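# Survey of secondary and tertiary structure
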Amino acid sequence: MKKLSTTTLILTGIIIILAAGLIAVLIFTGNQEPPTRGVEPLVKIAALEPDSAQWGINFPNQYSTLLKTGTNNTRTSYGGSDPISKLEADPRLVTLFAGYGFSKDYNEERGHMNSLTDVRATLRVNDKTPGTCYSCKSSNNPGLWDQMGMAAFDKMPFAELGTHIDEPIGCANCHEAETMRLVVTNPALAEALAAQGKDWTTFTRQEMRTVVCANCHVEYYFKGDGKYLTFPWENGTNIDQIAQYYAESFADGSFVKDWEHAQSGAPMIKIQHPEFEFFTANSTHYNAGVACADCHMPYTRDGAAKFSTHDVKSPLLNAEVACGACHTDVGYVTTRVKTIQDQVANTMSATQNAIIAAITTIEAAAALPGVNADLLTEARMLHRESQIYWDFIAAENSMGFHNPEEALRILANATDLARQAQLKAVEAAGSSEVLQTNGQ
Ligand code: HEC
Ligand code: HEC
Ligand code: HEC
Ligand code: HEC
């Protein structure tokens, strides 16, 4: 008995010690911070924060690769970021844009960090330039649009608005600070999608990896006296629907022209970088579910970290990563790019000759005293239409690669319209003596 009670005492003691230990552990863990998933943000980023360096504290890989877009200066056969003069490379552009700023200054585009320097340096900007020209150039914009509204932003003269802008393109142009999700930041894009009955907040993540680029890489125009930024998407986003939109806005007088052609006298439309519209017009890659970011922002490894490179550039400069994620034979697909681009460039060259022949024939016809004014107007409208189609491919930055079949279809249509314009001018003159062929 005596022996047993000693054992009981010892056991009871052990149990008490264990219980106390357990309670201590429970109290200790109960007082700890709640567990977190992943890495805690180092700093809280303010909503619409324009300074990418602030975001960069939390996301150093994305920030440091974004900075690289400021310095890479490499040329490819038809792209890259060497800001060569397109006018020197192809002097026919001076004739095609006669009477407009693009005939004075038109350079190859560069990486995102150069956007502010380049828009301030271009000779196309002058005293009359509206603030609208800053729309795609700065991470200050989302904050300014929020404060003053887009109408006031667009109406303000370029120079005055410039005093509020000191950042190039940055995180705030594509991400929402609190959630880091991709967002539509440009009110003109939100409005253009809404006009088509689309609500971008319902788009999938993969769709947003393309739509986020449509904040800027799209065709647009400045509507009315307030120079209100507008995408001509009411009928849809392919070139035929855009051309139809401009035909309607000409007919009802709501938007007549960007400029009058100095030689043909036609009321012209300048097309601007329609990468989004061209790529999404049933291209092979788009139909296969591939997004802009798949090729231009591929996943990259830096030690253990895997992230989307923000060094957005020609994918030909890092094809192993950009194309290699899906294609095993990268050499084959990059050779295909060259073949496609050469073919589109040659076809486009023939289109340009046809448009210039139309321009000079219309000019000669217009100089005749007895010219038929109605037929001359028809010839000018055909010149306008032809150049809208041509410029959709010329101003698009992939030299046809984003949608090769569509590029050739559009250029064939442009050439046909240019020849019709030329013939209509001969008809207006009533004599084939005005026919200009430029050696063609
Ligand atoms: C399947 C891959 C792929 C997809 C998807 C893609 N691109 Fe491209 N992009 C290319 C290639 C290849 C070029 C040609 C680069 C060259 O000529 O150096 C190019 C060229 C460009 C250029 C001109 C680059 C330069 O170096 O001058 C821009 C701008 C561009 N793409 C934007 C976009 C946008 C915006 C989207 C989505 C709407 C998109 N791309 C979708 C592969 C792609
Ligand atoms: C031109 C638009 C654009 C800009 C500017 C931009 N991003 Fe991104 N970012 C993207 C896209 C597209 C993705 C891919 C998103 C996805 O796959 O869901 C992405 C992904 C990310 C991700 C998710 C992880 C990853 O790497 O895929 C983080 C974090 C991020 N970006 C941070 C930043 C920061 C910080 C900045 C500014 C220094 C910035 N981004 C600027 C478009 C942009
Ligand atoms: C806020 C407007 C804006 C957004 C959003 C934007 N871009 Fe750009 N992008 C520009 C401008 C402006 C330039 C030309 C800058 C210059 O030449 O100084 C440019 C240039 C480029 C170039 C040419 C780079 C080079 O090295 O030649 C590529 C490629 C490109 N963008 C792809 C994309 C893709 C892909 C997306 C979406 C993930 C995107 N951009 C989103 C405005 C934007
Ligand atoms: C996210 C996946 C993905 C990426 C990245 C990608 N491709 Fe593709 N590519 C496809 C798919 C899918 C197809 C069409 C189906 C097939 O190959 O059978 C395709 C088809 C092609 C074709 C044949 C097109 C045709 O009309 O027949 C070429 C050329 C091509 N890709 C080039 C490239 C180049 C160059 C790059 C890099 C700049 C690239 N792709 C990046 C998925 C991708």
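Here we summarise the structure given alongside this text. (Residues numbered from 1 in each chain as written. Chains lettered and ligands numbered in written order. Predicted model: local features only at pLDDT ≥ 70, side-chain atom pairs only at ≥ 80, totals over all residues.)

## Section: the overall build of the chain
The test is simple: Only DSSP runs of H or I with at least four residues qualify as helices, and only runs of E with at least two residues qualify as strands; both kinds are numbered from the N terminus onward. C-alpha atoms define the radius of gyration in this analysis, and the globule rule sets the expected value at 2.2 Å times the number of residues to the power 0.38. Here a residue counts as buried when 20 or more other C-beta atoms fall within 10 Å of its C-beta, as exposed when 12 or fewer do, and as partly exposed in between; the C-beta atoms come from the backbone. Residue pairs qualify as contacts under a 7 Å threshold applied to their C-beta atoms, which are placed from the backbone.
In terms of regular secondary structure, the chain is built from 19 helices and six strands. Here the chain has a C-alpha radius of gyration of 29 Å; the compact-globule value for 440 residues is 22 Å, and the former is much larger. With respect to the principal axes defined by its C-alpha atoms, the chain has extents near 135 × 50 × 40 Å. Counting across all 440 residues of the chain, residues that qualify as buried make up 40%. Long-range contacts, defined here as pairs at least 24 residues apart, represent 69% of the contacts in the chain between residues at least 6 apart.

## Quick look at the site of ligand 2
Selection criterion: Any residue whose backbone-placed C-beta atom lies within 6 Å of a molecule or strand is treated as near that molecule or strand. Throughout this entry, Asp, Glu, Lys and Arg are counted as charged residues, while Ala, Val, Leu, Ile, Met, Phe, Trp, Tyr, Cys and Pro are counted as nonpolar. The remaining residues, Gly among them, count as polar.
Lining the immediate environment of ligand 2, one finds 23 residues, of which Phe 59, Cys 171, Cys 174, Phe 307 and Ser 308 sit closest. The set of elements that each furnish at least two residues to the shell around ligand 2 consists of helix 2 (52-58), helix 3 (60-68), helix 11 (205-211) and strand 6 (305-308). Grouping the constituent residues of the shell around ligand 2 by class yields 13 nonpolar, eight polar and two charged.

## A few points about the pairing of strand 6
As a reminder, the rule being used: Whether two strands pair depends on DSSP finding at least two bridges between them.
Where strand 5 (residues 299-302) and strand 6 come together, four bridges link them in antiparallel fashion. Bridging across to strand 6, Arg 301 finds its partner in Lys 306. What sits between the antiparallel neighbours strand 5 and strand 6 is a turn of two residues, in which Gly 303 has the positive phi angle 60°.

## A look at the site of ligand 4
By nearness alone, 17 residues border ligand 4, and Ala 288, Pro 315, Cys 323, Cys 326 and Arg 336 come closest of all. Those elements that place two or more of their residues in the shell around ligand 4 are helix 14 (284-287), helix 15 (292-296), helix 16 (319-322) and helix 17 (330-366). Sorting elements by how many residues they give to the shell around ligand 4 places helix 17 first, with four residues. Among the residues making up the shell around ligand 4, the classes are represented as eleven nonpolar, four polar and two charged.

## Overview of helix 18 (residues 373-394)
Put simply, the test is: One fewer than the residue count of a helix, multiplied by 1.5 Å, yields its expected span.
Given a rise of 1.5 Å per residue, 22 residues ought to cover 32 Å, and the 31 Å separating the end C-alpha atoms of helix 18 matches this to within 8%. Taking burial as the measure, the 22 residues of helix 18 include 16 buried ones, the bulk of the element.

## Section: unusual backbone geometry
Its identity is not glycine, yet Met 180 carries a phi of approximately 65°, on the positive side. With respect to the helices, strands and loops of the structure, Met 180 is situated in the loop between helix 9 (158-162) and helix 10 (187-195). Looking at Met 180, the number of C-beta atoms within 10 Å reads 16, which means it is partly exposed. Phi is positive for Met 399, close to 45°, though the residue is something other than glycine.

## Quick notes on the packing of helix 12 (residues 239-251) against helix 18
Defined as follows: A fitted line through C-alpha atoms represents every axis, and for helices the fit uses only the stretch in contact; the resulting angles, taken between N-to-C directions, go from 0 to 180 degrees. Working rule for angles: under 35 degrees goes down as roughly parallel, over 145 as roughly antiparallel, 65 to 115 as roughly perpendicular, anything else as oblique. A clockwise turn of the near helix away from the far one marks a right-handed crossing, whereas an anticlockwise turn of less than a right angle marks a left-handed crossing.
Two elements in contact, helix 12 and helix 18, have axes separated by 11 Å at closest approach and are oriented at 140°. Here helix 18 runs oblique to helix 12, going by the angle between their axes. In this structure, helix 12 crosses over helix 18, and the sense of that crossing is right-handed. Two secondary-structure elements touch here, helix 12 through Ile 239, Ala 243 and Tyr 246 and helix 18 through Glu 385, Ile 388, Tyr 389 and Phe 392.

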